[in-house]
Amino acid sequence: MTENQVGAEAKVLVLVGSLRAASINKQLAELAVESAPEGVALQVFDRLGELPHYNEDIDTEDVAEPVRALRAAAAAAGAALVVTPEYNGSIPGVLKNAIDWLSRPWGDGALKDKPVAVIGTALGGYGGVWAHDETRKSFGIAGPRVIEDLKLSIPSKTFGDNHPRENAEVAANVREVVEKLAAEVN
Ligand SMILES: Cc1cc2nc3c(=O)[nH]c(=O)nc-3n(C[C@H](O)[C@H](O)[C@H](O)COP(=O)(O)O)c2cc1C
């Protein structure tokens, strides 16, 4: 058992690429949290909006408290689940900024070698697949072990005005991603 499985509990850090109060991706993240099998705890880090823009000059021992909090949450987790929309065909800036903070110290980031899965929803007919592919590419360079075949890109029209948890197929697919990601935790 590793420190990521204290009490046999695997911890999964959840990062959401939208800061919007009524974000559908936040709701999808809520569904993921609810989907955790026994012995797995998902925790949303909801402070991405507090991170300063990445700047090597401030990435020092005195780094800003929200960065320390993010890195501590990542270090305590055995895996990470990213839930993000697509902005202008790519990764929302707030999420890319978090990836950059998590990529340092270079070669020794807090998610190094840990499994990461990327899911999300966006307005377009492909459900944000460009953002999801680029998030996998970027995290793959940043140090974690991206699980390429754990993916969901859901067009947001799928949900209508309902919470994603009310769609049985989506709920089953999210549960499968969470279970398979948790199974990858060492
Ligand atoms: C700045 C901006 C850029 C966007 N670009 C895209 C895009 O490239 N592709 C897409 O499918 N949707 C795009 N959208 C629409 C988002 O997918 C939609 O607003 C989504 O619901 C946002 O996620 P959220 O509900 O979690 O906040 C964009 C929205 C914003 C605000």
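These figures come from a predicted structure and were not determined experimentally.

## Points about the overall build of the protein
Then, number 1: From N to C terminus, the protein includes 5 helices and 5 strands.
Then, number 2: Ordered by position in the sequence, the α and β elements of the protein form the string β-α-β-α-β-α-β-α-β-α.
Then, number 3: For a compact globule of 186 residues, the expected C-alpha radius of gyration is about 16 Å, and the protein comes in at 15 Å, within 12% of that figure.
Then, number 4: Sorting the 186 residues of the protein into buried and exposed places 47% on the buried side.
Then, number 5: Pairs at least 24 residues apart make up 80% of the contacts formed inside the protein by residues separated by at least 6 positions.
Then, number 6: In the form shown here, the protein has an accessible surface area of approximately 9300 Å², with 49% of it arising from carbon and sulfur atoms.

## Focus on the packing of helix α1 (residues 24-34) against helix α5 (residues 168-183)
Then, number 1: Contact geometry for α1 and α5: axes closest at 9 Å, N-to-C directions at 65°. Both α1 and α5 take part in a crossing whose hand is right-handed. Residues Leu28, Leu31 and Ala32 of α1 form the contact with α5, whose own contacting residues are Val170, Ala171, Val174 and Val178.
Then, number 2: Across the contact of α1 with α5, the residue classes tally to 7 nonpolar, no polar and no charged.

## Some points on the sheet that holds strand β2 (residues 40-44)
Then, number 1: The 5 strands are arranged β2-β1-β3-β4-β5 in an open sheet whose pairing can be described as parallel. Across the chains shown, the open sheet's two edge strands, defined by having one partner strand only, are β2 and β5 (145-155). Neighbour-to-neighbour, the strand axes of the sheet open up by a mean angle of 20°, direction not taken into account.

## A short note on the packing of helix α3 (residues 93-102) against helix α4 (residues 129-142)
Then, number 1: Relative to each other, α3 and α4 sit at 15°, their axes nearing to 9 Å. Comparing their axes, α4 and α3 come out roughly parallel. Our pair here, α3 against α4, has a crossing hand that is right-handed. For the pair formed by α3 and α4, the contact residues are Leu95, Lys96, Ile99 and Leu102 on the first element and Thr135, Ser138, Phe139 and Ala142 on the second.
Then, number 2: Split into classes, the residues belonging to the contact of α3 with α4 amount to 5 nonpolar, 2 polar and 1 charged.

## Comments concerning the nonpolar core
Then, number 1: In this structure, Leu28, Leu42, Leu81 and Val174 are the most contacted members of the largest nonpolar core, which totals 28 residues.
Then, number 2: Contributions of two or more residues to this core are made by β1 (10-16), α1, β2, β3 (79-83), β4 (115-122), β5 and α5.
Then, number 3: Here this core gets 7 residues from one element, more than from any other, and that element is α5.
Then, number 4: Residues contacting valine 174, with those up to four places away along its chain left out, are Leu28, Leu31, Ala32, Ser35 and Leu152.
Then, number 5: Counting 27 residues, the second largest nonpolar core, distinct from the first, contains Leu48, Ala80, Trp101 and Val118.

## Notes on the UniProt feature "domain: NADPH-dependent FMN reductase-like" (unreviewed entry) in the protein
Then, number 1: The residues that UniProt annotates with the feature "domain: NADPH-dependent FMN reductase-like" (unreviewed entry) are residues 11-156.
Then, number 2: End C-alpha atoms of residues 11-156 are separated by 28 Å, and the span's content is 32% helix alongside 24% strand.

## A closer look at the site of the ligand
Then, number 1: Of all residues adjacent to the ligand, which total 13 residues, the nearest are Ser18, Arg20, Ser23, Asn88 and Gly89.
Then, number 2: Contacts to the ligand include arginine 20, whose side-chain N or O atom sits 2.6 Å from an oxygen atom.
Then, number 3: Glycine 89 places a polar main-chain atom, nitrogen or oxygen, 2.7 Å from an oxygen atom of the ligand.
Then, number 4: Burial of the ligand by the protein chains amounts to 70% of its free accessible area of 630 Å².
Then, number 5: The residue makeup of the shell around the ligand, split by class, is 5 nonpolar, 6 polar and 2 charged.

Conventions and cut-offs
Residues numbered from 1 in each chain as written. Predicted model: local features only at pLDDT ≥ 70, side-chain atom pairs only at ≥ 80, totals over all residues. Heavy atoms only, no water. Helix = DSSP H or I, 4+ residues; strand = E, 2+ residues; numbered from the N terminus. Rg over C-alpha atoms; globule rule 2.2 N^0.38 Å. Buried < 20%, exposed > 50% of the residue type's maximum accessible area, 1.4 Å probe, protein only. Contact = heavy atoms within 4.5 Å. Areas by Shrake-Rupley, 256 points an atom, 1.4 Å probe, with all protein chains shown as cover. Axes fitted to C-alpha atoms, helices over the stretch in contact; angles between N-to-C directions. Left-handed = near helix turned anticlockwise from the far one by under 90°. Nonpolar A, V, L, I, M, F, W, Y, C, P; charged D, E, K, R; others polar. Pairing = 2+ DSSP bridges. Parallel < 35°, antiparallel > 145°, perpendicular 65-115°, else oblique. Core = buried A, V, L, I, M, F, W, Y, C linked by side-chain atoms within 4.5 Å. UniProt positions renumbered as here; feature names shortened; annotations may be inferred. Near = heavy atom within 4 Å. Polar contact = N/O pair within 3.5 Å; in protein donor to acceptor, adjacent residues only side chain to side chain.

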